[in-house]
Amino acid sequence: MTETTRPVGDATKVVLAGRRAEWTRGVGEGAIVSPPVWRASTILYDSVGHLRDSATRDTHHRLFYGRKGTPTQWSLADALTTLEPGAEGTFLYGSGVAAIAAALLSVLSPGDELLLVDSAYDPTRGMANGLLKRFGITTRFYDPLIGAGIADLIGEKTRAIFMESPGSLSFEVQDIPAIVAAARARGVTTLLDNTWATPLFFPAIGHGVDLTILACTKYVVGHSDAMLGSVTAGPGHFKALRETSFQLGQIASPDDCWLGSRGLRTMAVRLAQHQSSALAIAQWLEARPEVAQVLHPALPGCPGHDLFVRDFKGSSGLFSFVLDGGDEASRAALIDTLELFGIGYSWGGFESLALPVDPHRYRSVTRREVAGPMVRLQIGLEDPADLIADLDAGLAAFRAVRG
């Protein structure tokens, strides 16, 4: 962070963080505002002695070889660490899934057991049932609303508990402090996919989480034009994370990291708009007769809403709603009628998206009955009145096909 003598708020942190003088120095006097794109593979040394000496020293924030990073990557990593008070460090990856894989592999070994929330992102489930299984690591799924009851599932081989709060399809909010307390009592590492809230709305390290993961593709980048992931480590966990990531050959492109840093500067104001617009639209949908339930953590009808009120500083732009009856055809008619909502995966960008979702397809131990098909909305930065008018037309198409 640039120099400041006073405590600052989150909106100020995202503007200042990662802009160390040594990464923004200019020619002669003065400095550029943002760290530039440093692209590198080979780093040249002054002599054989210099090369040998560099090989024996810590390469963190030191030029050594392109895969170990340049100031472009270090700047973004440093900024994300700044947003998590108490964190030890951050490592960057080419995608959110790569970040999840590296985080898990940094704490798990053959013969270990992972407890994985049943509402987890599907690629996380696929990793547990595929890669981890092939490595001799077993996975048990647990109810996202289990809270302190997680203690009853922790066994002799349990080494890690993976959380995602809220779940990215069904939006249950987990009791993270209770799960963290149970894990620490047994020496178990906790990991959290915190992409929905970001550290601005849920500072995970401050809540005791050991490793917090972001698909930076979403709100950090914010413009749907780069793939990026991060893991921020609490005290005592960064060394293993960094070594594992280096051994896996993980590196995030400096160009994508630069886009991440640029997006980060406006993340606070974008999140405020995502939050405001999404709440207005979610409340409008609650009042519609075609809608049976709105799954938005800030609304009382969402599972774990009381935990959201207790632990979170705000809500973002992603939520789901359940239609009152209907089938695949009527749901498709609703989505296909929309003109301002794109149909596509991902979220967190400036544009709104609508996606048919079926959480029961990705569950192992929990299933909650719903009144009809579900639709997930990513609320972007458009005028919310325009988005409501678009959804009104979509619901009319839904009624016409549903009958």
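See the structure shown above.
Structural notes, computed from the coordinates. (Residues numbered from 1 in each chain as written. Predicted model: local features only at pLDDT ≥ 70, side-chain atom pairs only at ≥ 80, totals over all residues. Heavy atoms only, no water.)

1. Here's the deal with the sheet that holds strand β2 (residues 113-117)
- The sheet built from 7 strands is open, its strands ordered β1-β7-β6-β5-β4-β2-β3 with mixed pairing. Two strands bound the open sheet, and with one partner strand each, they are β1 (89-93) and β3 (138-142). Pairwise comparison of adjacent strand axes, ignoring direction, gives a mean angle of 20° for this sheet.
- Taken together, the 5 bridges between β1 and strand β7 (residues 229-233) define a ladder with antiparallel strand orientation. Across the sheet, Leu92 pairs through a bridge with Ser230, a residue of β7.
- Together, β1, β6 (211-214) and β7 form the strand contacts of helix α4 (residues 71-82), whose direction differs from that of β1 by roughly 130°. (Pairing = 2+ DSSP bridges. Helix = DSSP H or I, 4+ residues; strand = E, 2+ residues; numbered from the N terminus. Axes fitted to C-alpha atoms, helices over the stretch in contact; angles between N-to-C directions. Contact = heavy atoms within 4.5 Å.)

2. Section: the packing of helix α5 (residues 96-105) against helix α9 (residues 238-247)
- With their axes 9 Å apart at the nearest point, α5 and α9 run at an angle of 120° to one another. In terms of their interaxial angle, α5 and α9 are classed as oblique. Crossing of α5 over α9 shows right-handed handedness. Packed against α5, whose contacting residues are Ala102, Ala103 and Leu105, the element α9 presents Leu241, Thr244 and Ser245 at the interface.
- Residues that form the contact of α5 with α9 fall into these classes: 4 nonpolar, 2 polar and no charged. (Parallel < 35°, antiparallel > 145°, perpendicular 65-115°, else oblique. Left-handed = near helix turned anticlockwise from the far one by under 90°. Nonpolar A, V, L, I, M, F, W, Y, C, P; charged D, E, K, R; others polar.)

3. A closer look at empty space enclosed by the protein
- All chains considered together, the criterion is met by 2 cavities of 30 Å³ or more.
- Taken as a whole, the largest cavity encloses approximately 50 Å³ of empty space.
- As for the largest cavity, its lining consists of Asp118, Ser119, Ala120, Leu169, Ser170, Pro359, Tyr362 and Arg363.
- A per-class count over the lining of the largest cavity returns 4 nonpolar, 2 polar and 2 charged.
- Size it by volume and the second largest cavity reaches roughly 30 Å³.
- Every residue lining the second largest cavity is listed: Leu318, Gly344, Ser346, Trp347, Leu353, Leu355, Arg376, Leu377 and Gln378.
- When contributions to the lining of the second largest cavity are tallied by element, the ones reaching two or more residues are β10 (353-357) and β11 (374-378).
- Broken down by element, the lining of the second largest cavity gets its largest block of residues, 3 residues, from β11. (1 Å grid on protein atoms, 1.4 Å probe; cavity = no way out; pocket = protein on both sides within 12 Å on 5 of 7 lines; lining within 4 Å. Points joined across faces, edges and corners; volume = space filled by probe spheres on them.)

From the geometry alone we can't say anything about function, so treat these as descriptive.
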